[in-house]
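Residue-level structural notes
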Amino acid sequence: MAIAEHGAIEAAGATETNYLNNGYGLKSWLLTKDHKRIAVLYMISISIFFAIGGVFAGLIRLELLTPQGDLAHSDTYNKLFSMHGIIMIFFFLVPSIPATLGNFLLPIMIGAKDLAFPRINLLSWYVYVAAGILGTVAVIGGGVDTGWTFYTPYSSTYSNSNVLIVGFAAFLAGFSSILTGLNFVVTVHTMRAPGMTWFRLPLFVWAHYATSLIMLLGTPVIAITLVLLMLERAFGFGFFDPRLGGDPVLFQHLFWFYSHPAVYIMILPSMGVMSEMVACISRKRVFGYEFVAFSSVAIAILGFLVWGHHMFVSGQSTYAGMVFSVITFLVAVPSAIKTFNWAATMYKGSIVYTTPMFYVMSYFGLFLIGGLTGLFLSNMGLDIHLHDTYFVVAHFHYIMVGGQVVGYLGGMHFWWPKITGKKYPELLAKIAACMVFLGFNLTFFPQFILGYMGMPRRYHVYPDEFQILNVASTLGASVLAIGYLLPAIYLIWSLIKGPKSEQNPWGAKGLEWEKAASPPTTFNFDKTPVVTEEAYAYGPIEEH
Amino acid sequence: MQTDFPLFPEQASSYAHQVDALYFATVALCLFFATLVTVLVVVFAIKYRRKSPDEVPRQIAGHLGLELFWTAIPLVLAMGMFVWATVVYFHLVTPPTNTLEMYVVGKQWMWKLQHPEGKREINELHVPLGQPVRLTMTSEDVIHSFYIPAFRIKKDVLPGRYTSLWFEPTKVGQYHLFCAEYCGTEHSRMIGLVHVMEPKDYENWLTGGVANEPMEVAGQRLFEQYACHTCHKMDGQGRGPSLIGVFGKSVALQNGSSVVVNEAYIRESVLTPAAKVVAGYQPIMPTFKGQVSEEGIMQLIAYIKSLKSVN
Amino acid sequence: MAEHVDDHHGHPHGLAHQFEDMPQQKESALLGMWSFLVTEILFFGGYFATYLYYRSQYPLAFYEGSHELDILLGGINTVILIFSSFTMAMAVHKSHSGDKNGILMFLAFTLILGTAFLVIKYFEYMAKIEHGLVPGLVWHPHGDHSPNLALYFSLYFGMTGMHALHMIIGAGLLIWLMVKTARGTYTAEYNAPIEIFGLYWHFVDIVWIFLFPLLYLLGRH
Ligand code: HEA
Ligand code: HEA
Ligand code: CUA
Ligand SMILES: [Cu+2]
């Protein structure tokens with residue numbers, strides 16, 4: 001974006017104060033209201049939870065090496081996958097991109113000094129931490145064994161694990177994401193810099209706007225659902241247990257009313273990252289900007305109407321199933337639009353082989369497989385067979401890990417120089433990106449085959465004929481683990497010892513690159529920027 | 001069962017090949033799109049790689065025609081897939097009329113099955129080849145799910161209500177039976193075997209072993225044991241309505257509505273009689289909640305089903 | 001919702017650093033509160049959906065249940081809340097002119113009415129406990145009753161309890177606002193906190209306006 005005035009930042013000396021060196025003590029971090037520091041706090045905390053969830057995943061895969069279930073007792077295994085799912089979803093993936101990259105970049109991208117409510121932003125982190133501590137206490141105190149879906153009446157009556165504490169922790173985590181969503185919605189509406197019209201917003205902002213809408217509209221429903229569950233479990237109020245007069249399927253409706261839209265909370269942000277990175281590595285305006293922007297909103301809206309596709313075999317009526325199925329097919333179309341537009345952006349571009357480019361390619365491959373296998377599941381004829389098998393497990397790992405986590409890692413590499421002002425070792429980063437791609441496919445592709453063969457999920461004892469594919473999957477997971485550990489190591493190295501990066505190492509467009517220092521100053525800009533250009537105007541834009 | 005390293009499940013029901021056809025079509029479609037996009041981006045990445053550091057490509061904003069094109073194509077294909085899938089699904093929810101009725105009760109962590117002739121099984125199900133079978137299922141505790149991969153069928157089994165499932169086995173052999181809905185500690189051991197047998201082997205199997213009362217006889221015994229017959233007299237002169245020939249019929253209720261007598265309604269009448277009161281009768285029937293087991297109720301149902309009008 | 005930072009160089013009183021000017025700050029605060037209320041609507045929406053579903057399934061239980069409630073106390077509470085909405089609106093009105101005493105007086109009225117509501121609710125709850133109408137905890141309803149009566153009372157306590165929790169939070173915020181007002185924080189220019197709290201209070205009232213007919217009146221003769 002061409003900005004009214006230039007120079008001030010480039011001219012500044014090497015010791016300029018920025019958000020990182022503006023105050024050092026622990027207090028200056030824990031009481032900060034700076035969205036960038038809060039983003040960093042979030043990065044640290046979600047990384048911890050990712051590591052914990054990853055360790056659980058590792059143990060799951062180890063147990064599944066042999067069909068007898070000899071490593072862990074059934075109860076232990078049940079707790080492993082439950083806590084793996086709960087931690088990965090509520091404590092890692094939902095906040096992953098929005099609370100870190102989103103928090104850091106959204107105000108800068110629209111030319112604001114901060115989010116609209118900095119204190120609420122900090123509050124959301126504290127609520128998240130409180131939830132995390134509660135969750136950890138529950139894990140140490142024996143864990144929970146309901147699966148991340150908390151289906152009743154098992155969770156409300158039969159399970160004898162820490163359902164109450166974990167339910168409350170998930171409730172709190174939801175509250176934290178409501179606060180983030182609220183902040184983003186208001187900020188995008190009221191804090192845009194002069195000249196930053198809606199259709200000049202970077203697509204990253206559009207994606208986060210759509211995500212925030214889902215957080216605002218969906219999360220309260222899971223909150224109330226968990227409240228009902230806790231009331232039933234704690235006091236014996238009957239809502240879902242048929243013995244108390246309730247209906248267990250109602251819980252599933254309420255749960256998925258949030259949790260399906262929530263899966264789009266877990267993909268839209270990475271679609272935003274993808275749009276930014278594709279434009280930058282191709283040095284080209286994103287093809288069909290409006291279509292990409294509106295498809296985010298379309299996904300957010302349609303996503304609220306498809307929850308029943310998780311319940312095709314639950315005994316819901318045939319016609320309800322049909323309606324949910326057809327809308328699910330519809331909601332796949334906006335994703336298709338995005339995919340084709342990204343591909344078209346690369347057409348006749350000027351493509352550079354940097355680390356973010358590796359992640360872009362990886363995202364194409366993995367998101368595509370994840371999304372396309374969603375079509376097998378939205379399809380009632382096939383889902384009857386595939387429901388609750390490893391096919392579903394493979395589907396959502398492809399889309400959540402292959403989509404959102406790859407997007408998150410890619411985004412971290414892309415904006416790392418902006419966030420820290422440092423460079424990382426390119427070659428290592430590329431190797432890690434390749435290991436994630438290969439390891440990932442080796443881990444989860446065999447699970448599609450297992451699923452179609454009929455291996456149910458949440459099984460730690462399984463028939464012998466499934467073993468070979470399971471061994472392959474475990475092997476892949478170890479490659480994957482190294483692929484994740486590598487960035488953890490070299491990024492920390494870069495933080496301490498890495499060479500300094502220039503303000504805009506990629507020659508990218510966007511206020512965060514062109515107008516803010518690396519790392520940015522506390523209030524982001526010396527002077528409120530005035531925007532006079534479309535997004536991604538790498539050259540004069542040709543209309544068709 | 002199969003080779004040591006199978007990559008595809010066996011097809012052992014009339015429904016399986018329909019599902020597999022749909023599956024392969026979907027695989028083909030997805031493969032097409034996956035290949036298309038992958039080839040495109042790889043070719044673009046190579047062909048348009050950056051040749052000089054200050055190269056700036058033409059900025060093409062978009063193309064309405066293209067956008068419509070790649071919105072419409074997936075839309076049409078997706079709708080096509082939906083129609084096909086729904087046709088296949090309808091096959092599953094419309095059982096033929098000549099089915100063999102069997103009863104399934106799931107509990108943590110076993111399957112209890114009963115044949116109409118009274119034979120009971122645990123974690124095993126014997127069925128004759130080529131004979132459509134319909135299962136009426138319920139659970140004593142949490143939600144389970146009855147899953148036979150080789151038949152490509154699955155249905156949740158819920159406490160407090162009945163669900164049903166049907167299949168027609170087409171291949172003799174032994175197949176896995178899994179519980180597919182997570183139900184607690186031994187969920188992964190809530191498994192069993194389905195034996196598909198030649199009809200005459202099935203007959204031998206049925207008559208062999210310990211003799212069992214047929215379901216309806218057991219039901220009749222319960223009917224007397226719980227003194228149902230003192231109110232539900234056959235001649236309709238008792239304090240309760242006669243139950244002869246009611247199954248499948250519509251009954252008028254006190255509140256003016258009506259209800260079709262099916263499994264769920266009989267179950268409700270036994271457990272919470274006051275919920276739906278038959279027109280012309282007092283709500284005096286006591287509840288049998290806690291006294292009669294889920295299997296007992298299924299036997300009572302089988303008995304009431306068998307009460308055809310004689311004249 | 002609004003942020004207050006110590007005044008520095010030429011910033012108007014009460015303008016937080018991230019905003020350019022007062023109108024932007026106020027617009028943000030209002031939009032923030034409205035967004036929050038939308039999430040609240042969906043939060044209670046979960047309850048209402050559950051209510052509607054079970055009511056359609058077990059009309060009898062809901063009919064019996066509503067007869068167990070004290071329509072007089074419920075009615076008085078409804079009037080109290082409507083009146084408190086009025087006093088709250090007056091407090092907001094006074095805040096526009098920065099009339100410190102006026103604001104204080106109407107906030108105090110609102111607080112008193114809110115507390116009265118909670119006290120009456122307390123007596124209603126005690127009566128239910130005495131009659132053994134708390135599912136799971138003290139459940140021994142006398143006489144013939146529908147098997148699903150417990151479901152009705154689960155919903156009754158769940159819904160009114162959640163509403164009461166919102167009232168308690170509201171009362172706490174009221175006290176906080178009164179302290180701030182007494183200290184002279186709010187002026188004719190800077191009064192957004194009172195205005196957005198007013199939105200919250202009206203929302204909580206409106207929830208009750210829905211709860212009262214659904215739980216007390218419907219199905220009664
Ligand atoms: C980030 C998370 C995420 C995302 C984005 C999605 C996206 C999709 N999901 Fe997925 N899903 C999950 C996470 C996610 N899912 C999880 C966690 C579960 C399991 C929960 C549990 O039980 O534990 C699940 C389960 C699940 C089920 C239930 C399965 C079952 O339990 O039986 C279904 C069924 O319809 C489904 C469908 C879809 C579809 C159609 C999409 C679509 O949005 C995908 C759209 C994308 C594409 C289609 C690819 C790009 C398009 C093209 C290249 C063009 C070609 C397209 C056409 C021809 C249409 N998913
Ligand atoms: C964000 C979501 C997320 C992520 C990232 C993952 C990641 C992984 N998952 Fe997870 N998974 C879920 C969400 C996720 N999963 C959910 C929701 C379920 C369903 C639960 C349920 O049924 O209720 C599930 C279930 C599930 C199962 C099925 C269990 C069953 O049904 O019996 C399996 C089995 O293989 C599995 C494996 C893996 C593996 C191998 C990874 C790998 O990608 C993980 C590899 C990572 C590591 C091995 C960690 C190593 C790295 C570090 C320790 C360094 C990190 C440190 C820093 C960053 C500082 N997962
Ligand atoms: Cu029964 Cu799983
Ligand atoms: Cu879904």
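Here is a short report on the structure shown in this document. (Residues numbered from 1 in each chain as written. Chains lettered and ligands numbered in written order. Predicted model: local features only at pLDDT ≥ 70, side-chain atom pairs only at ≥ 80, totals over all residues. Heavy atoms only, no water.)

1. Focus on the coordination of the iron atom of ligand 1
All names here are of chain A. What counts here: The rule for donors is simple: an N, O or S atom within 2.8 Å of the metal counts, and for Na, K and Ca the reach is 3.2 Å. Water is not among the atoms, so a site may look short of donors. Segments assigned H or I by DSSP are reported as helices when at least four residues long, segments assigned E as strands when at least two residues long, and all are numbered from the N terminus.
Its sole protein donor being His395 (NE2), the iron atom of ligand 1 sits 2.2 Å from that atom. If you look at the iron atom of ligand 1 and the copper ion (ligand 4), they sit 4.6 Å from each other. Secondary-structure assignment places His395 in helix α15 (residues 390-420).

2. Focus on the site of ligand 2
Residue and element names in this part refer to chain A. Cut-off, in case you're wondering: Nearness is defined per residue: one heavy atom within 4 Å of the molecule or strand is enough. Counting of polar contacts relies on pairs of N or O atoms within 3.5 Å, with two restrictions inside protein: one atom must be capable of donating a hydrogen and the other of accepting it, and residues adjacent in sequence are counted only when both atoms are side-chain atoms.
The local shell around ligand 2 holds 33 residues, among which Arg61, Tyr77, His84, His397 and Arg458 are the closest. His84 places a side-chain nitrogen or oxygen 2.8 Å from a nitrogen atom of ligand 2. A distance of 2.7 Å separates a nitrogen atom of ligand 2 from a polar side-chain atom of His397. Elements with a minimum of two residues in the shell around ligand 2: α3 (35-63), α4 (74-109), α15, α16 (426-453) and α17 (467-497). Tallying contributions element by element places α4 first for the shell around ligand 2, with 7 residues.

3. Regarding the sheet that holds strand β7 (residues 144-148) of chain B
All names here are of chain B. As a reminder of what qualifies: In short, DSSP must find at least two bridges between two strands for them to pair. To get an axis, fit a line to the C-alpha atoms, keeping to the stretch in contact for a helix; angles then go from 0 to 180 degrees between the N-to-C directions. Contacts are assigned to residue pairs that have any heavy atoms within 4.5 Å of one another.
In spatial order, the strands read β5-β11-β10-β7-β8; together these 5 strands make up an open sheet with mixed pairing. Looking along the sheet, the strands with just one partner apiece sit at the ends: β5 (124-128) and β8 (153-157). For this sheet the average axis-to-axis angle between neighbouring strands, irrespective of direction, equals 20°. Together, β5 and β11 (192-197) form the strand contacts of helix α3 (residues 199-207), whose direction differs from that of β5 by roughly 130°.

4. Brief notes about the interface of chain A and chain B
For the record, the criterion: Accessible area that two parts lose when put together, evaluated with a 1.4 Å probe and summed over both, is termed the buried area. One side-chain nitrogen of Lys or Arg within 4 Å of one carboxyl oxygen of Asp or Glu is enough to make a salt bridge. Amino acid classes used here: Ala, Val, Leu, Ile, Met, Phe, Trp, Tyr, Cys and Pro are nonpolar; Asp, Glu, Lys and Arg are charged; the rest, including Gly, are polar.
The partner chain B presents 87 residues to the 99 residues of chain A that form the contact. A buried area of about 8100 Å², summed over both sides, lies between chain A and chain B, and 66% of it is on carbon and sulfur atoms. By the criterion of area lost to chain B, the three top residues of chain A are Arg283(A), Phe340(A) and Tyr452(A), representing 9% of everything that side buries. Connecting chain A to chain B are 1 salt bridge. Across the salt bridge formed by Arg161(B) and Asp247(A), the nearest N and O atoms sit 2.9 Å from each other. Across the contact surface, chain A and chain B share 28 residue pairs in polar contact (both at pLDDT 80 or more). Here the side of chain A that touches chain B takes 16 residues from helix α12 (residues 318-346) of chain A, the largest share from any one element. Split into classes, the residues belonging to the side of chain A that touches chain B amount to 57 nonpolar, 28 polar and 14 charged. In terms of strand pairing, strand β1 (residues 541-542) of chain A meets strand β1 (residues 59-60) of chain B through 2 bridges, oriented parallel.

5. Here's the deal with the coordination of the iron atom of ligand 2
Residues and elements named next belong to chain A. For clarity, the threshold we go by: By the criteria applied here, four donors are tetrahedral when all angles lie between 85 and 135 degrees, four are square planar and six octahedral when opposite donors are over 155 degrees apart and every other angle lies between 65 and 115, and any other arrangement is irregular. Under the scheme applied here, a residue whose accessible area is under 20% of the maximum for its type counts as buried, over 50% as exposed, and between as partly exposed, the area being computed with a 1.4 Å probe on protein chains only.
Surrounding the iron atom of ligand 2 are the protein donor atoms His84 (NE2) and His397 (NE2), at 2.0 Å. Between the 6 donor atoms coordinating the iron atom of ligand 2, the angles at the centre fall across 86 to 178°, so the site counts as octahedral. Here His84 is found in helix α4, whereas its partner His397 is found in helix α15, with 313 residues between them in sequence. With relative accessibility at 14%, the residue His397 sits in the buried group.

6. Some words on the site of ligand 1
Among the 31 residues in the neighbourhood of ligand 1, the closest are listed as Tyr264(A), Asp383(A), His387(A), His395(A) and Arg457(A). The site occupied by ligand 1 is bordered by residues of chains A and B. Note that an oxygen atom of ligand 1 is positioned 3.3 Å from one of the side-chain N or O atoms of His309(A). Separating an oxygen atom of ligand 1 from a backbone N or O atom of Ser378(A) is a distance of 3.1 Å.

7. Observations regarding the interface of chain A and chain C
Listed as interface residues are 40 residues of chain A and, on the opposing side, 37 residues of chain C. Taking both partners together, chain A and chain C bury about 3200 Å²; carbon and sulfur atoms supply 68% of that area. Of all residues in chain A, Thr190(A), Ile224(A) and Phe237(A) bury the most surface against chain C, accounting for 16% of the area lost on that side. Here chain A is connected to chain C by 0 salt bridges. Linking chain A with chain C are 9 residue pairs in polar contact (both at pLDDT 80 or more), by the criterion used here. Those elements that place two or more of their residues in the side of chain A that touches chain C are α5 (118-140), α7 (163-190), α8 (203-235) and α9 (248-265) of chain A.

8. Topic: the packing of aromatic side chains
So the rule is basically this: In this analysis, rings of Phe, Tyr and Trp, with Trp reduced to its six-membered ring, are considered paired at centre separations within 6.5 Å, and the interplanar angle assigns stacked below 30 degrees, edge-to-face beyond 60, and tilted for intermediate values. For a lysine, the NZ atom is tested; for an arginine, the CZ atom; a charge sits over a ring if that atom is within 6 Å of the ring centre and within 35 degrees of the ring normal.
A full pass over the atoms with the stated rule returns 92 aromatic pairs over all chains. On the numbers, 5.6 Å between centres and 70° between planes, the contact of Phe445(A) with Phe448(A) is edge-to-face. Note that Phe445(A) and Phe448(A) are positioned in helix α16 at a spacing of 3 residues, about one turn of the helix. On the basis of relative accessibility, which here comes to 41%, the residue Phe445(A) falls in the partly exposed class. Take Phe448(A): its relative accessible area is 6%, and that puts it in the buried class. Ring centres of Tyr152(C) and Phe153(C) lie 5.1 Å apart, and the angle between their planes is 85°; this geometry places the pair in the edge-to-face category. Here Tyr152(C) and Phe153(C) have matching classes, each one buried. A cation over a ring is seen here: Arg37(A) above Trp29(A), with NZ or CZ 4.1 Å from the ring centre. When the ring centre of Tyr147(B) is taken as origin, the NZ or CZ atom of Lys154(B), which lies over that ring, is 3.8 Å away.

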